[in-house]
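Below are the chains, spelled out letter by letter.
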Amino acid sequence: MSKAVLEFKDVSFQYQEADKSVDLLDSLHFRVFDGEFISIIGASGSGKSTLFRLITGLEQPVSGSIHINGEQRPNRLGSVGYMPQQDLLMPWRTIYENAVLPLEIKGVSKQDAHQQVVKGLKEFGLSGYEQNYPSDLSGGMKQRVSFLRAVLSGSNILLLDEPFSALDAMTKLSMQEWLLAQWEKRGQTILFITHDVNEALFLSDRIFILTERPVKQLKEAVVPMNRPRTLSGLHAPEVTKMKEQLIEQLRERISL
Amino acid sequence: MRNYLPSILLIAVFVIVWEVGARIVNTEFILPAPSGIGLKLWDLKGLLLKEHLTSTLLIIVIGLAISIVLGIALAITMTQSSVMEKTFYPIIITSQTIPIIALAPIFVLWFGYSIWSKVVVTILITFFPITVSTYDGLRSSSKELKELLLTMGASKKDIFFKLDVPSAIPYFFSGMKVAVPLSVIGAAIGEWLGAQEGLGYFSRRMMTQFDGAGVFAPIVILSLLGIIFFLIVIMFEKKALKWRK
Ligand SMILES: Nc1ncnc2c1ncn2[C@@H]1O[C@H](COP(=O)(O)OP(=O)(O)OP(=O)(O)O)[C@@H](O)[C@H]1O
Ligand SMILES: [Mg+2]
């Protein structure tokens with residue numbers, strides 16, 4: 001198997017609230033390999049976004065260690081590409097200026113940055129919108145800008161937090177296909193949070209399920225589908241069976 | 001223009017009623033007619049515009065400029081240091097309960113009839129809206145965007161210039177829209193109390209001479225000045241906030 005690009009070693013984490021502390025992770029251990037597409041599902045409040053906050057370095061584990069590309073660094077900020085739950089574009093920046101943000105911060109020269117952004121906008125079907133403001137764009141387009149911004153961070157690991165949850169069904173579908181095409185082309189590792197079991201099955205190699213609290217172990221499902229994927233593939237018997245299992249596991253969590 | 005039609009009509013009615021009323025009352029020195037004020041303006045235009053307007057304008061421009069620099073500096077200091085915030089914020093808020101206008105004579109004592117006594121009044125009256133709005137604006141920046149910038153490896157400086165400052169700009173302009181008309185009032189009041197030139201001074205001098213139209217004529221110019229400054233702020237605001245639709 002290829003090398004692990006992300007590894008959690010016995011990571012425990014808790015949020016401190018007024019007088020009590022809420023345990024979210026308890027010696028959690030998992031690995032993600034180079035070029036994998038991983039979906040993370042779990043009930044609301046189960047700690048999915050928190051997992052991302054730990055990976056990006058916005059939060060620090062109470063104990064244990066997080067390894068990115070084989071390195072353990074206490075300051076991980078700036079080492080992965082992160083696309084937050086809302087598209088979070090800066091309304092005062094044009095599409096071009098929004099996309100160039102991570103390059104500005106990394107101190108990439110203006111010329112270099114320009115080349116990368118223009119190329120990216122073209123690949124993402126956003127050419128001609130460089131000088132528009134986010135308010136001019138549709139939801140799907142804003143998501144693409146936000147995704148481009150994460151890609152331009154230059155990291156080989158991308159964290160996408162429910163990127164398509166606010167889109168209508170049709171847009172969502174075309175965005176999923178588009179995302180798969182981008183991923184296949186770029187070979188980055190993607191961690192993808194979603195509430196939508198179908199979406200997780202359609203997109204990912206493996207699915208992590210957060211069921212308990214605190215999370216001691218990620219339940220894991222390997223999606224039994226070849227690539228390239230088609231929507232009809234979702235109706236194969238072994239896939240529908242897995243879907244039922246996944247929904248069952250999520251329901252258990254809710255009835256707790 | 002059509003949007004303003006009702007306002008324009010109302011003002012026209014008001015001026016006509018005033019004109020008719022003034023002619024009926026017929027006491028030029030107490031209630032001058034709008035036409036009389038217009039004539040007076042025309043007669044005095046050289047004197048008013050060249051001498052008195054320049055002097056008032058200078059006070060407004062200097063006062064506003066200092067207010068903007070001080071206000072922004074203090075707002076930034078308060079957002080960067082919680083000690084500064086705890087020290088200054090309550091003082092700035094309570095300072096608004098001091099009747100600044102009543103303090104104006106003190107400044108005449110200190111600075112005499114020089115331009116600075118008037119500038120100080122203008123600063124004190126415009127400082128508050130500029131500081132508080134800029135401060136609120138700097139603190140209004142979204143926490144989510146800040147975290148996003150952090151995940152990109154942003155420094156404190158990046159966050160300040162790429163997030164806090166742009167977030168503060170709409171607030172700053174709101175503050176300016178309050179401050180600009182106040183600056184005209186501040187300058188005029190300063191001039192009432194101690195000046196040898198300026199529109200406020202001239203208006204007051206005409207009062208002592210029972211020249212009603214002479215009192216109003218400089219006030220008309222002062223109002224126009226306020227309106228022009230306001231429009232200039234709006235122009236800059238439109239430019240700076242073209243992303244807002
Ligand atoms: N800053 C914080 N301080 C204290 N508790 C927090 C904080 N952020 C999140 N929590 C709590 O931690 C738990 C997990 O939150 P998290 O945002 O990771 O959930 P999630 O799985 O992403 O949920 P959703 O699907 O609704 O996005 C929740 O119960 C939440 O209330
Ligand atoms: Mg979440």
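Residues numbered from 1 in each chain as written. Chains lettered and ligands numbered in written order. Predicted model: local features only at pLDDT ≥ 70, side-chain atom pairs only at ≥ 80, totals over all residues. Heavy atoms only, no water.

**Concerning the overall build of chain B**
The helix and strand inventory of chain B stands at nine helices and zero strands. Walking chain B from its N terminus toward its C terminus, one meets helices and strands in the order α-α-α-α-α-α-α-α-α. Expressed as a percentage of its 245 residues, the buried residues of chain B come to 42%. Element-wise, carbon and sulfur atoms account for 73% of the exposed surface of chain B, whose accessible area totals about 13,700 Å². When the 21 basic and 14 acidic side-chain charges of chain B are each reduced to a single mean position, those positions are 6 Å apart. (Helix = DSSP H or I, 4+ residues; strand = E, 2+ residues; numbered from the N terminus. Buried < 20%, exposed > 50% of the residue type's maximum accessible area, 1.4 Å probe, protein only. Areas by Shrake-Rupley, 256 points an atom, 1.4 Å probe, with all protein chains shown as cover. Lys, Arg positive; Asp, Glu negative; His and termini not counted. Charge placed at Lys NZ, Arg CZ, Asp CG, Glu CD.)

**Digging into helix α7 (residues 156–193) of chain B**
Counted at 1.5 Å a residue, the expected span for α7(B) with its 38 residues is 56 Å, but the 47 Å between its end C-alpha atoms falls short. In the structure, α7(B) departs most strongly from a straight axis at I169(B), where the bend amounts to approximately 35° and where the proline P170(B) lies between one and four residues downstream. (Expected span 1.5 Å × (residues − 1). Bend = angle between axes of the 7 residues up to and from the residue.)

**Examining the sheet that holds strand β7 (residues 157–161) of chain A**
All names here are of chain A. Reading across the sheet, the six strands line up as β6-β7-β8-β3-β9-β10 and stay open at both edges, with mixed pairing between neighbours. Edge positions in the sheet fall to β6 (81–83) and β10 (219–222), since each has one partner strand and no second. With direction set aside, neighbouring strand axes in the sheet form an average angle of 20°. The pairing of strand β3 (residues 37–42) with strand β8 (residues 189–193) spans four bridges and is classified as parallel. (Pairing = 2+ DSSP bridges. Axes fitted to C-alpha atoms, helices over the stretch in contact; angles between N-to-C directions.)

**As for the packing of aromatic side chains**
Per the stated rule, a full pass over the model turns up 18 aromatic pairs over all chains. A centroid spacing of 4.5 Å and a plane angle of 25° characterise the contact between F8(A) and F30(A), whose relative ring orientation is stacked. Taken as a pair, F8(A) in strand β1 (residues 4–16) and F30(A) in strand β2 (residues 21–33) lie far apart in primary sequence, 22 residues in all. Assigned by exposure class, F8(A) and F30(A) land together as buried. On the numbers, 5.0 Å between centres and 80° between planes, the contact of F160(B) with F161(B) is edge-to-face. (Phe/Tyr/Trp six-rings, centres within 6.5 Å; stacked < 30°, edge-to-face > 60°.)

**Focus on the UniProt feature "transmembrane region" (unreviewed entry) in chain B**
Residues and elements named next belong to chain B. As recorded in UniProt, the feature "transmembrane region" (unreviewed entry) lies at residues 57–76, 88–113, 119–138, 178–195 and 215–236. Along residues 88–113 one finds 77% helix and 0% strand; the C-alpha atoms at either end are 31 Å apart. Across residues 178–195, helical content stands at 89% and strand content at 0%; the span's end C-alpha atoms are separated by 25 Å. (UniProt positions renumbered as here; feature names shortened; annotations may be inferred.)

**Describing the environment of A43(A)**
All names here are of chain A. The residue A43 is located in the loop between β3 and α1 (48–56) in this model. You can call A43 buried: its relative accessible area is 13%. Along the chain, A43 and H195 lie 152 residues apart, while their C-alpha atoms are 7.6 Å from each other.

**What about the pattern of salt bridges?**
Considering all chains together, one arrives at 21 salt bridges over all chains under this definition. When the shortest N-O distance is used, the salt bridge between E17(A) and K20(A) registers 3.2 Å. The exposure class of E17(A) is partly exposed, given its relative accessible area of 41%. The network of salt bridges with shared partners includes R53(A), E59(A), K143(B) and E147(B). (Salt bridge = Lys/Arg side-chain N within 4 Å of Asp/Glu carboxyl O.)

**Quick look at the nonpolar core**
Residues and elements named next belong to chain A. Of all hydrophobic cores here, the largest spans 48 residues; its most connected members are F147, L179, L201, I207 and L246. The dominant element in this core, judged by the number of residues it contributes, is helix α4 (residues 139–151), at six residues. Taken together, domain 1 (4–80 + 158–255) and domain 2 (90–154) each give at least three residues to this core, which thus spans both. Residues contacting I207, with those up to four places away along its chain left out, are S39, I41, A200, L201, K219, E220, A221, V223 and L246. (Core = buried A, V, L, I, M, F, W, Y, C linked by side-chain atoms within 4.5 Å. Domains from an automatic or database assignment. Contact = heavy atoms within 4.5 Å.)

**Quick notes on the domain arrangement of chain A**
Residue and element names in this part refer to chain A. Once the domains are mapped, chain A shows domain 1 (4–80 + 158–255) and domain 2 (90–154). Between the C-alpha centres of domain 1 and domain 2 the distance comes to 25 Å. Across the boundary between the two partners, domain 1 contributes 14 residues, which contact 11 residues of domain 2. Counting each side, the surface lost to burial between domain 1 and domain 2 is near 1,100 Å², with a carbon and sulfur contribution of 67%. (Buried area = accessible area lost by both parts, 1.4 Å probe.)

**Regarding the interface of chain A and chain B**
Between chain A and chain B, the residue contacts involve 24 residues of the former and 18 residues of the latter. In total, chain A and chain B occlude about 1,900 Å² of area from one another, counting both sides; carbon and sulfur atoms represent 70% of this. Where chain A touches chain B, the interface holds two salt bridges. With its nearest N and O atoms 2.8 Å apart, the salt bridge here joins E104(A) to K162(B). Where chain A touches chain B, the interface holds three residue pairs in polar contact (both at pLDDT 80 or more). Breaking the side of chain A that touches chain B down by element, the ones donating at least two residues are α1 and α2 (95–106) of chain A. For the side of chain A that touches chain B, the element with the most residues is α2(A), which contributes five residues. Grouping the amino acids of the side of chain A that touches chain B by side-chain chemistry returns 13 nonpolar, five polar and six charged. (Polar contact = N/O pair within 3.5 Å; in protein donor to acceptor, adjacent residues only side chain to side chain. Nonpolar A, V, L, I, M, F, W, Y, C, P; charged D, E, K, R; others polar.)

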